[in-house]
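# Geometric and topological summary
Chain by chain, the residues:
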Amino acid sequence: MSIIPATWSDKLLAVLRIMTGLTFLQHGTAKLLGFPFQEYFKDGVPLFSLMGLAGVLEIVGGVLIIIGLFTRVTAFILAGMMAVAYFMAHAPQNFFPANNGGEAAYLFCFVFLYLAAAGAGSWSVDRTRAA
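So, here's what we can say about the structure. Being a predicted model, the structure only gives us computed values, none of them experimental.

What counts, and where the lines are drawn
- Residues numbered from 1 in each chain as written.
- Predicted model: local features only at pLDDT ≥ 70, side-chain atom pairs only at ≥ 80, totals over all residues.
- Heavy atoms only, no water.
- Helix = DSSP H or I, 4+ residues; strand = E, 2+ residues; numbered from the N terminus.
- Buried < 20%, exposed > 50% of the residue type's maximum accessible area, 1.4 Å probe, protein only.
- Contact = heavy atoms within 4.5 Å.
- Areas by Shrake-Rupley, 256 points an atom, 1.4 Å probe, with all protein chains shown as cover.
- Expected span 1.5 Å × (residues − 1).
- Phe/Tyr/Trp six-rings, centres within 6.5 Å; stacked < 30°, edge-to-face > 60°.

When helices and strands are tallied, the protein shows six helices and zero strands. For the protein, the N- to C-terminal ordering of α and β elements is α-α-α-α-α-α. Judged by the C-alpha coordinates and their principal axes, the protein covers about 50 × 30 × 25 Å. Within the protein, the proportion of its 131 residues that are buried is 35%. Of the contacts made within the protein by residues no fewer than 6 positions apart, 65% connect residues no fewer than 24 positions apart. Accessible surface computed for the protein: about 8,100 Å², of which carbon and sulfur atoms make up 73%.

Okay, here's the thing in structure tokens:
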């Protein structure tokens, strides 16, 4: 007997996907739209820059993950993006993620990798299209 019934796993996969997408989306909106406000992006981000590209991928990818459309391919692309972000921006500062500020990047990377393998779960456009 488990604490959470196995029959809930498909719904909890969808909750993981939706909450991850919402969290990821806010990183893009902070970069490109200034909301939620982050001091680091107070002057905005040029759209045609590496950070601007990241913001576009975070917004478009976040929305696709939230609604569960093209989940596997989107999640695979975003996992790669987060791996690159981690090794470019965080790993050179310090070996330990707790010390280099890279916890979110590597967690996003592995959650997206899982979603690429597991799919969208219930409550998704992908599931509706398959039916």
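There is more to say, and it comes next.
Mapped onto the elements, Thr-7 comes out in the segment before helix H1 (9-32). Residues Thr-7 and Gln-93 lie 86 residues apart in sequence; the distance between their C-alpha atoms is 43 Å.

With that settled, consider helix H3 (residues 71-90). Taking 1.5 Å as the rise per residue, H3 with 20 residues should run 28 Å; its terminal C-alpha atoms sit 26 Å apart, in good agreement. Residues Thr-71, Thr-74, Ala-75, Leu-78, Ala-79, Met-81, Met-82, Tyr-86 and His-90 constitute the buried set of H3. On its buried face, H3 sits against H1, helix H2 (50-67), helix H4 (97-100), helix H5 (103-118) and helix H6 (125-130).

On to the side chain of Thr-20. Note on placement: Thr-20 falls in helix H1. Other than its neighbours up to four places away in sequence, Thr-20 contacts Phe-108, Val-111 and Phe-112.

What follows deals with the packing of aromatic side chains. Tallied over the entire structure, the rule returns seven aromatic pairs. Here the aromatic rings of Tyr-86 and Tyr-106 are separated by 6.2 Å at their centres, their planes lie at 90°, and the arrangement is edge-to-face. Pair noted here: Tyr-86 is in helix H3 and Tyr-106 is in helix H5, with a separation of 20 residues, a long-range link. By relative accessible area, which is 10% here, Tyr-86 ends up buried. Aromatic ring contacts, followed pair by pair, group Phe-24, Phe-108 and Phe-112 into a single cluster.

Any functional reading would require information beyond the geometric quantities listed.
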